[in-house]
Amino acid sequence: MIIRSERKQISPGQFQYRFSEDAREVGTADFIRERSRQTGVHIQVSEKRAELIIPTLFTGKRTGNGVEKEAAKICLEEENTSVFYHTQKGSNIFNGIYFWTVEYQGNHYELYEVGQGRKGIYYCVWLQEQTVAIISKETHTKHFESSYIMYSEDIMPIELLAALSVFWDLTRYYPSDSSEEWHTLNTWQKALKEKYDVGFIQHIKSLEGR
């Protein structure tokens with residue numbers, strides 16, 4: 001499955017995400033910037049509905065090897081779940097990593113952000129020690145818009161993947177006051193770099209005949 005996600009500005013502070021497969025629209029999500037204690041996004045994709053709720057203030061707790069915070073709630077038709085943000089200490093103060101987790105339908109997903117400089121930024125989704133999806137971000141944005149491509153083996157529900165794509169965009173690449181931006185991220189921690197499967201995207205393209 002290859003799904004494109006594009007954020008379009010409708011009016012100042014109002015945005016819509018459009019999800020498409022082979023140039024055919026398969027869903028939308030609406031977001032209005034408000035001065036409130038949380039952000040709510042309504043998502044509908046492939047006849048499935050979801051709501052993403054991002055609080056302004058995170059509640060967290062220390063774990064044995066870092067910190068865990070609830071970063072968002074995702075309300076889905078079948079089951080509600082939360083996205084948790086984690087920090088994990090390394091062998092020294094310089095090689096710790098951060099990542100996210102989400103539980104859905106009995107599956108424990110782990111999400112890792114990996115940057116390869118100007119080559120790209122990737123949100124890598126792992127399940128049972130293997131990659132099941134990668135969201136690729138276009139690093140150049142104009143007119144307060146952004147674009148992502150979701151590559152998946154159809155193991156994840158599409159509505160969950162779409163919600164995570166919007167979550168990543170709003171929490172990491174929120175629309176700024178600049179109408180044109182170049183985003184770069186360089187990941188140097190070995191443990192984090194290894195979370196990006198260099199052959200996965202081409203594998204999905206091959207399955208789709210591209």
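Asks: Is there a simple way to think about the packing of aromatic side chains in this case?
Replies: Think of a pair of aromatic rings as described by two things: how far the centres are apart, and how the planes are tilted against each other in angle. Evaluation of the coordinates by the stated rule reveals 10 aromatic pairs. Relative to tryptophan 100, the ring of tyrosine 98 has its centre 5.6 Å away and its plane inclined at 85°; by these criteria the two rings are edge-to-face. On the basis of relative accessible area, tryptophan 100 is assigned to the buried category, the value being 4%. Linked through ring pairs, Tyr85, Tyr98, Trp100, Tyr123, Tyr148, Trp168 and Tyr173 together constitute an aromatic cluster. If you follow arginine 7 out to its NZ or CZ, it ends over the ring of phenylalanine 15, 5.7 Å from the centre. Between lysine 137 and the ring centre of tyrosine 173, over which it is positioned, the NZ or CZ distance is 4.7 Å.

Asks: I'm lost on helix H1 (residues 158–172) in this one. Help?
Replies: Think of an α-helix as 3.6 residues a turn; residues three or four steps apart then line up on the same face. Compared with the 21 Å implied by 1.5 Å per residue over 15 residues, the 21 Å span of H1 between its first and last C-alpha is a close match. Within H1, 13 of the 15 residues are buried, which leaves the element mostly enclosed by the surrounding structure.

Cut-off values and rules
Residues numbered from 1 in each chain as written. Predicted model: local features only at pLDDT ≥ 70, side-chain atom pairs only at ≥ 80, totals over all residues. Heavy atoms only, no water. Phe/Tyr/Trp six-rings, centres within 6.5 Å; stacked < 30°, edge-to-face > 60°. Buried < 20%, exposed > 50% of the residue type's maximum accessible area, 1.4 Å probe, protein only. Lys NZ or Arg CZ within 6 Å of the ring centre and 35° of its normal. Helix = DSSP H or I, 4+ residues; strand = E, 2+ residues; numbered from the N terminus. Expected span 1.5 Å × (residues − 1).

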